[in-house]
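Notes for the structure review
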There are 2 protein chains.
Amino acid sequence: MINTNTLLLQNLQQIVGHEFVFYDTDTLLQYGHDETEDYSFPPNFLVKPRTTQEIAAIVKLANEYAIPLVPIGGQTGLSGGALAIHGGIGLSMERLNKILHVDENNLQVTTEPAVITQVLRDAVAEKGLFYPVDPSSMGSCFIGGNIAENSGGARAVKYGVTKDYVLNLEVVLPTGEIIWTGANTLKNSTGYNLTQLMVGSEGTLGIVTKIVLKLLPLNKYNMLLLVPFYKAEEACEAVSAIFRAGIVPSALEFMERDAIDWAVKYIEGISIVIQPEHQAHLLIEVDGNYPEILMLEAEKILEVVEQFSIDEVLFADTEEQKNAIWKMRRGVAEAVKANSIYKEEDTVVPRYELPKLLKGIKKIGAKYGFQSVCYGHAGDGNLHVNIIKGTLSDTAWQNEVPKGIKEIFELTVALKGTISGEHGIGYVQKNYLPIAMQPKQIDVLRNIKKVFDPKNILNPGKILPD
Amino acid sequence: MINTNTLLLQNLQQIVGHEFVFYDTDTLLQYGHDETEDYSFPPNFLVKPRTTQEIAAIVKLANEYAIPLVPIGGQTGLSGGALAIHGGIGLSMERLNKILHVDENNLQVTTEPAVITQVLRDAVAEKGLFYPVDPSSMGSCFIGGNIAENSGGARAVKYGVTKDYVLNLEVVLPTGEIIWTGANTLKNSTGYNLTQLMVGSEGTLGIVTKIVLKLLPLNKYNMLLLVPFYKAEEACEAVSAIFRAGIVPSALEFMERDAIDWAVKYIEGISIVIQPEHQAHLLIEVDGNYPEILMLEAEKILEVVEQFSIDEVLFADTEEQKNAIWKMRRGVAEAVKANSIYKEEDTVVPRYELPKLLKGIKKIGAKYGFQSVCYGHAGDGNLHVNIIKGTLSDTAWQNEVPKGIKEIFELTVALKGTISGEHGIGYVQKNYLPIAMQPKQIDVLRNIKKVFDPKNILNPGKILPD
């Protein structure tokens, strides 16, 4: 075993250079987690290649040794997709961090995967272009990780998720071969859609090394409304009513009472004052190039929400006010995380079913004795359910809570939804997959995995149930 | 052989009833073609099932007999995807023609595959909803065929193609098993994206029997501009300039001189007067809910196109004028088809590369002695190239023209484009696939096909090169 490891180490050092191969405990621990619960799964080696060719050589090596290879991005994942659960080689993508070409003529950007999503958004915005996908972690997550998990975010309701912007990918296959999956075109009916098969595959089918994304012209204006509801379920009902009124907001976020309380309590500098009698808030943004139209749309939205029991609506029209509201929204997960062990479920249903989902979750929580904090991208029907450990016993946490989660997912699927909207299945949800998929469908997934990775070396133990 | 056929016939009759199994020459010929050139490939039997279960039984039978099974939709395809090139069972989908549920609460529609695209568009429009995908054949093509080929259309430039609206599919697999590919949600990060793998797979991986589509609120207004250019390449250049000015039109179509001439000459009732000195026209539509904004956008577009050599712009603001212009645009293919044998190539490039593509196509045509009529969805970089047989000898048509097509595709790929934007690869383009894909990529496609259809019974001889 020592011999094999020594040989492997030497080979890795030969490929990327001594200074980019690590096996000290600190480094391995540092790369052994993401943002999923409190898991720690350090790899046996951590390598930091710089090029596609180096990655291809590492993949070949892993194949030869039949050793797990786990791509690691910004470590912000919420489904444990980047955890080296079977050890092996951790493949940090961090040095592939260049934006290669902002193509203003074609409204496209070609980038390496380890560019931070916010950095990419800013770089294209400087040229008047817009990359709309904005996961809450966009200040630290990598665009490559967004592709692995098919990340969404607040603007998905109008602009779609990561998959809707990916035109073409350079991918190192588990054999070490390098392919491009598509073409740099807006339309493509040329063979099976390998690009979309790769998006959301969580690094189990290949390693994405270059990315071509579609961009839009940057909208000049937006307006943000914060609407306090006396009843949480009515807030959910209003979501669907807004669309039925013919409005497509650029964001439509739901936060229940507890979510805001946690954010206000634990995140510094939140200046929004929330009244105790408000059970939930909707955060509604409209965007476009004409301020007078945004005002008209805001008025239409007001007409819709006024049909429900609401308190006074806050119109945020300064950058400062907008930032304060977004800070509160983005701070919820962080606040919960900082203050209790928790499990985050990423339920998604057709948006009209949200009130039923919310009600069901609370009922299931009561049955199994857990508290949950719910918030998320209501416009997409995507509700994040943070289940709080709080004062629950370890036994209840380990035995009762998973039963409750199973029931939540069963409810989600019964409402024609599914068990992950934007976080992926990864490690923590894989054994719930049979709730969302028939055995035959899982068989197809397994067989597709085998087409790409017959030796199961690439990020093993993810997506597919044990 | 007669015994096998007799047995097969009896089995088919048992599944769908005697009245829905056909083997008379007329019926077989009638179902033996689509709109691709002048091909005729009648199946040996033609069946018209009504239900998913009947289709599952037919698929099982085909598997047992190892006989080809070819799904047939509206027969409007342009790549020969529905041709029974190896005979076998033709599976007409025509009786699965019900719109099952227009879900106004969730802005979704669930439909069977044989609903005509225009019928579906009209049905949802009645409820204030919008299904944007509008292939030129929308008056007769089936929504299921649109999914098979990932069809686009004039509005794709703003609203995307078929794949962007498909949320979930019921599919009969080649084993006869029935699965749903996803969930009825706007977001989904639950396992590999089987929905997108199915879209554009041209009936080679499974038979789509139910479809859930995303809808949008219907826009109330649009405005149409017809811009005559003195130089065709400048028209192509203007396309990219419009986007760079921050405008996303709802249609941006290119027609070169010859395309309009053919349409005006052969399609009745086209009242547009075209001047001989105009080399090309752009047809530009903007849409939205506020007429005053459309006027502003139209003015911005005018500012952009006036930087090129153009003649007077026609603003169509009555329904009559708009219909006349669209009739002309949609009539091009029909006009060409009615008057010469032709081959239609479906080239697509990043939109800024259009002028280079157009120039290259003309040069290649001159080299190999063929005339081409070019038009298409310029906003997407999608140029349809109709190669006219006209007075070419059969020898030149069979030997020289394919060399020219190969060069056109090589040019397309060199410009970072690909060989089909919205028509699919089907039968006629399959042997050009290696121009667009590396051998390893084609291997992956072949292996995916095997995962679904190990006996290669489902629409054999399509997409993958011989």
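Keep in mind that this is a model prediction, so the values were computed, not measured.

So, the packing of helix H12 (residues 354-368) of chain A against helix H13 (residues 394-414) of chain A
Residue and element names in this part refer to chain A. Packing of H12 against H13 leaves a shortest axis separation of 10 Å and a crossing angle of 160°. Classified by the angle their axes make, H12 and H13 are roughly antiparallel. For the crossing formed where H12 meets H13, the hand is right-handed. Contacts from Lys356, Leu357, Gly360, Ile361, Ile364, Lys367 and Tyr368 of H12 reach H13 at Glu400, Lys403, Gly404, Glu407, Ile408, Leu411 and Thr412. Taken together, the residues of the contact of H12 with H13 sort by class into 6 nonpolar, 3 polar and 5 charged.

Overview of the domain arrangement of chain A
All names here are of chain A. Domain boundaries in chain A define domain 1 (2-92), domain 2 (99-217) and domain 3 (221-414). The C-alpha-based centres of domain 1 and domain 3 are spaced at 37 Å. Across the boundary between the two partners, domain 1 contributes 4 residues, which contact 5 residues of domain 3. Interface area, domain 1 with domain 3, both sides summed: about 440 Å², of which 41% is carbon and sulfur. Where domain 1 meets domain 3, there are 2 salt bridges.

A look at the interface of chain A and chain B
It is common to give the size of an interface as the accessible area that goes away when the parts come together. Listed per partner, the contact involves 89 residues of chain A and 89 residues of chain B. It is Lys187, Ser189 and Tyr192 of chain A in chain A that bury the most area against chain B; as a group they hold 15% of the surface buried on that side. We note a salt bridge from Lys440 of chain A to Glu177 of chain B, for which the minimum N-O separation is 3.3 Å. Run the count over chain A and chain B and you get 46 residue pairs in polar contact (both at pLDDT 80 or more).

Let's talk about the pairing of strand S4 (residues 89-92) of chain B
Residues and elements named next belong to chain B. Burial along S4 is two-sided: Ile89 and Leu91 and Gly90 and Ser92, pointing in opposite directions, are all buried. Summarising the sheet, strand S2 (residues 45-47) and S4 pair through 3 bridges and their orientation is parallel. If you follow Val47 over to S4, its bridge partner there is Leu91. Pairing of strand S3 (residues 69-72) with S4 involves 4 bridges; the strand directions are parallel. Among the inter-strand pairings, Val70 is bridged to a residue of S4, identified as Gly90.

Rules used throughout
Residues numbered from 1 in each chain as written. Chains lettered and ligands numbered in written order. Predicted model: local features only at pLDDT ≥ 70, side-chain atom pairs only at ≥ 80, totals over all residues. Heavy atoms only, no water. Axes fitted to C-alpha atoms, helices over the stretch in contact; angles between N-to-C directions. Helix = DSSP H or I, 4+ residues; strand = E, 2+ residues; numbered from the N terminus. Parallel < 35°, antiparallel > 145°, perpendicular 65-115°, else oblique. Left-handed = near helix turned anticlockwise from the far one by under 90°. Contact = heavy atoms within 4.5 Å. Nonpolar A, V, L, I, M, F, W, Y, C, P; charged D, E, K, R; others polar. Domains from an automatic or database assignment. Buried area = accessible area lost by both parts, 1.4 Å probe. Salt bridge = Lys/Arg side-chain N within 4 Å of Asp/Glu carboxyl O. Polar contact = N/O pair within 3.5 Å; in protein donor to acceptor, adjacent residues only side chain to side chain. Buried < 20%, exposed > 50% of the residue type's maximum accessible area, 1.4 Å probe, protein only. Pairing = 2+ DSSP bridges.

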